[in-house]
Number of protein chains: 2
Amino acid sequence: VNIGILGTGMVGQTLAGKLTELGHNIVVGTRNVAVTLASVTPTGYGALPPYHVWQKDHPKVKLATFAEAAAHGEIVMNCTSGMNSLEALKLAGEINLDGKILIDASNPLDFSQGIPPMLSVSNTDSLAEQIQRMFPRVRVVKTLNTVNAFVMVNPSVIPGDHNLFLSGNDDEAKLDVITMLTSFGWKANNIIDLGDITTARGTEQYLALWVRLYGKLQNPMLNIHIAVGDPPKM
Amino acid sequence: VNIGILGTGMVGQTLAGKLTELGHNIVVGTRNVAVTLASVTPTGYGALPPYHVWQKDHPKVKLATFAEAAAHGEIVMNCTSGMNSLEALKLAGEINLDGKILIDASNPLDFSQGIPPMLSVSNTDSLAEQIQRMFPRVRVVKTLNTVNAFVMVNPSVIPGDHNLFLSGNDDEAKLDVITMLTSFGWKANNIIDLGDITTARGTEQYLALWVRLYGKLQNPMLNIHIAVGDPPKM
């Protein structure tokens, strides 16, 4: 499948690498190709090499503009940092996104006041809803945003069962996304479809707990397993 | 131990019942004793009987005003609904709370716009912090707010390991609270001290996910287990 990945950070690189391994044709989109290739900053605070170094190890992955990557993809993935997502998607262009599945893996984390970050949108709205409102004909599916990039593409790095969530208005799009997630190793039983796109408020705000768990455990390889008992007798 | 429980709802009744069973002396506080006793509305949408019926089954539990319950307690528990907590605590009175451990089990859930509720405070603040600022000499410990009342006092209703969180500025107070939680059946290993009172932002905002999981699963007997893998090699 042709997939466009918006964003050259840790999430973009990791998803591009994994999807290429799985046989898909990937174009990664960035604001300015030359600037991205010139950067010598390691990605993810050193978890991955700078983009131009990573690219040598992933020669099949093409780097292009946001618009070119979106045009290439039958499926498009938003892996930009949440504070920049709306602008990146505008640059990707409605004409290049219309009618497509857009997997939104981003979080509206605002680091401007330090660590842990706050959310730039929360409570009665979510970034996923903002994207859906901006592009009413795009089939937005929010997922993957509750785990680290390494966990996204290799859930077995965390032992045992743990869950991933889906939010979106288009049930068929969600089924296609589940197919991609199971190809990453996610068990279908561990994927919880929370409902429409407004349920992304739940997973985006969960980040407020995630960042504090990360602060406590000093380990980003963390996720939650939803444990359930018998319902109360009423 | 003498414990004051503020709030006559499902959380207040359930904690009062359990703590009495465990041999503690409980006074439950309410705004207006006569009004509470006159109510014929079942508690928790039918999970528990109206207060005056429940009281007959729990003759050792005394009902009194917020101020009397707070004065009685060596430990005080805020089990009021989050939208009313600050006012209830004002009525409880700084003089009756000073220097004491205040366990805050409430959530700032605002149902005024329907279900699922939104949060009345979130992101850059939390109800726990509002309480701590209002009563600087009270030893506020946020906990229990991430689970249903039945799970609070009987974690084994959910099979397997699952976690509870603590937030607070006073380490000794947190140790005393852990002692109470283990008496409810929580394994010490499953209690995660997230840090100071600002970390309550994490557990309060997690409610945005909790309410949607409840909507999806139609079962309040749910909790999360934090699953962790080996840290990435960097």
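Up top is the structure these notes are about.
Residues numbered from 1 in each chain as written. Chains lettered and ligands numbered in written order. Predicted model: local features only at pLDDT ≥ 70, side-chain atom pairs only at ≥ 80, totals over all residues. Heavy atoms only, no water.

Novice: Which residues make up the packing of helix H1 (residues 10–21) of chain A against helix H9 (residues 171–184) of chain A, and what are the values?
Specialist: Residue and element names in this part refer to chain A. Look at H1 against H9: their axes get within 11 Å of each other, and the N-to-C directions meet at 85°. Comparing their axes, H9 and H1 come out roughly perpendicular. Between H1 and H9, the contacting residues are Leu 15, Lys 18 and Leu 19 on the first element and Met 180, Ser 183 and Phe 184 on the second. (Axes fitted to C-alpha atoms, helices over the stretch in contact; angles between N-to-C directions. Helix = DSSP H or I, 4+ residues; strand = E, 2+ residues; numbered from the N terminus. Parallel < 35°, antiparallel > 145°, perpendicular 65-115°, else oblique. Contact = heavy atoms within 4.5 Å.)

Novice: Lay out the sheet that holds strand S9 (residues 164–168) of chain A with the relevant residues and their values.
Specialist: Residue and element names in this part refer to chain A. The strand order S3-S2-S1-S4-S5-S8-S9-S10 describes an open sheet built from eight strands, whose pairing is mixed. Edge positions in the sheet fall to strand S3 (62–65) and strand S10 (191–195), since each of these pairs with one other strand and no more. The average undirected angle you get between the axes of adjacent strands in this sheet is 25°. Note that strand S2 (residues 25–30) and S3 share four bridges and pair parallel. Bridge assignment links Val 28 to a residue of S3, and that residue is Leu 63. In the packing of helix H7 (residues 127–134) onto the sheet, contacts are made with strand S4 (75–78), strand S5 (101–104) and strand S8 (139–142), and the angle to S8 comes to roughly 175°. (Pairing = 2+ DSSP bridges.)

Novice: Please set out the sheet that holds strand S4 (residues 75–78) of chain B residue by residue, giving values where relevant.
Specialist: Residues and elements named next belong to chain B. Strand order in the open sheet formed by eight strands is S3-S2-S1-S4-S5-S8-S9-S10, with mixed pairing between adjacent strands. For this open sheet the edge positions go to strand S3 (62–65) and strand S10 (191–195), each flanked by a neighbour on one side alone. On average, adjacent strands in this sheet sit at an angle of 25° to one another, irrespective of strand direction. As judged from the four bridges shared by strand S5 (residues 101–104) and strand S8 (residues 139–142), these two strands associate in the parallel manner. If you follow Asp 104 over to S8, its bridge partner there is Lys 142. Contacts between helix H1 (residues 10–21) and the sheet are confined to strand S1 (2–6), strand S2 (25–30) and S4, with S1 contributing the most and set at about 165° to the helix.

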